[in-house]
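Chains, contacts and geometry: an overview
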Amino acid sequence: MKNKIYLYLFIFAALICLYLFVSSNKMTAASDARIQALETKVENLKDSLQQAELSVLEMQYFSLENNDDALAYYEHLDLENPSRYISDKLLETNESEGDNPLVPYEGMQNDFKINKIKVLNHKWILTDFSDGKYWGELLIKYELKDDLGVDFTLVDHLLYTRNN
C-alpha cells in the first residue's frame, strides 16, 4: 500500500512538473512575441520621430533664429531674442481701436487683428490675421532701428474667400 501511495505521489508530481514546463514554454513564447511586437513599435516610433525632426528642421529653415547672417544685423543692439522683440512690436499694432493698421481690409464680423507671426529674416515677416470668421495673410517688410524702434511696411496681402 505504501508503494502505491509513493507511485501515485510520484505520478502526480510528474504531471505537475509537466504542466509547469508546458505552461512556462507558452508564457515564454507569448513574452517573446510581445517583446518582438514592442521592438517593432519602437522602431516605427523612432522612424516617425526622425521624420518629425526632419520636418521641423525644414520648417525652421526660413526663420530669423536659425539665420546667422540675418542675426548679424542685430548684434550691436544687444537684444537677447530679436525675433521675439519684433513680434512683440508687431503685436502692439493690434492694441489700436478698430482694425489693425497694417491690414488693408475692413473687418466684416469683428476687427481684423494679427494672430500669428513668423519672422523670416532681418527684413520680412509673414503674418496671419483674422476677424474671427474671415482670415488672410500679410507679407510685411520691417526695419529695426538702432533706437529699437521698428517700422513696418506692408508688401503684399491676401484675404481668403470663405467656402460655405
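Above this text is the structure in question.
Now for a quick tour of the structure. Since we're looking at a predicted model, the values are computed, not measured. (Residues numbered from 1 in each chain as written. Predicted model: local features only at pLDDT ≥ 70, side-chain atom pairs only at ≥ 80, totals over all residues. Heavy atoms only, no water.)

All right, on to the pairing of strand β3 (residues 135–144) then. Taking every second residue as pointing to the same face, the buried face of β3 carries G136, L138, I140, Y142 and L144, while none of W135, E137, L139, K141 and E143 on the other face is buried. Examined bridge by bridge, strand β2 (residues 124–130) and β3 share seven bridges and lie antiparallel to one another. Bridge pairing in β3 places W124 opposite K141. Adjacent in sequence and paired antiparallel, β2 and β3 are bridged by four residues, among which G132 carries a positive phi angle near 105 degrees. Pairing analysis gives nine bridges linking β3 to strand β4 (residues 150–159), with the strands arranged antiparallel. What sits directly across from E137, in β4, is L158. Hairpin connection between β3 and β4: a loop of five residues separates the two successive antiparallel strands, and L148 in this loop has a positive phi of roughly 70 degrees. (Buried < 20%, exposed > 50% of the residue type's maximum accessible area, 1.4 Å probe, protein only. Helix = DSSP H or I, 4+ residues; strand = E, 2+ residues; numbered from the N terminus. Pairing = 2+ DSSP bridges.)

With that out of the way, let us pick up the packing of aromatic side chains. Counted under the stated rule, the structure contains four aromatic pairs. On the basis of an interplanar angle of 85 degrees and a centroid distance of 5.0 Å, the ring pair of Y61 and F62 is categorised as edge-to-face. Connected via pairs of aromatic rings, a cluster forms that spans Y105, F112 and F129. (Phe/Tyr/Trp six-rings, centres within 6.5 Å; stacked < 30°, edge-to-face > 60°.)

Tallied over the full model, the rule gives three salt bridges. For K89, the salt bridge identified is with E92, shortest N-O distance 3.9 Å. Of this pair, K89 and E92 are both found in helix α3 (residues 82–92), three residues apart, which corresponds to roughly one turn of the helix. With relative accessibility at 41%, the residue E92 sits in the partly exposed group. (Salt bridge = Lys/Arg side-chain N within 4 Å of Asp/Glu carboxyl O.)

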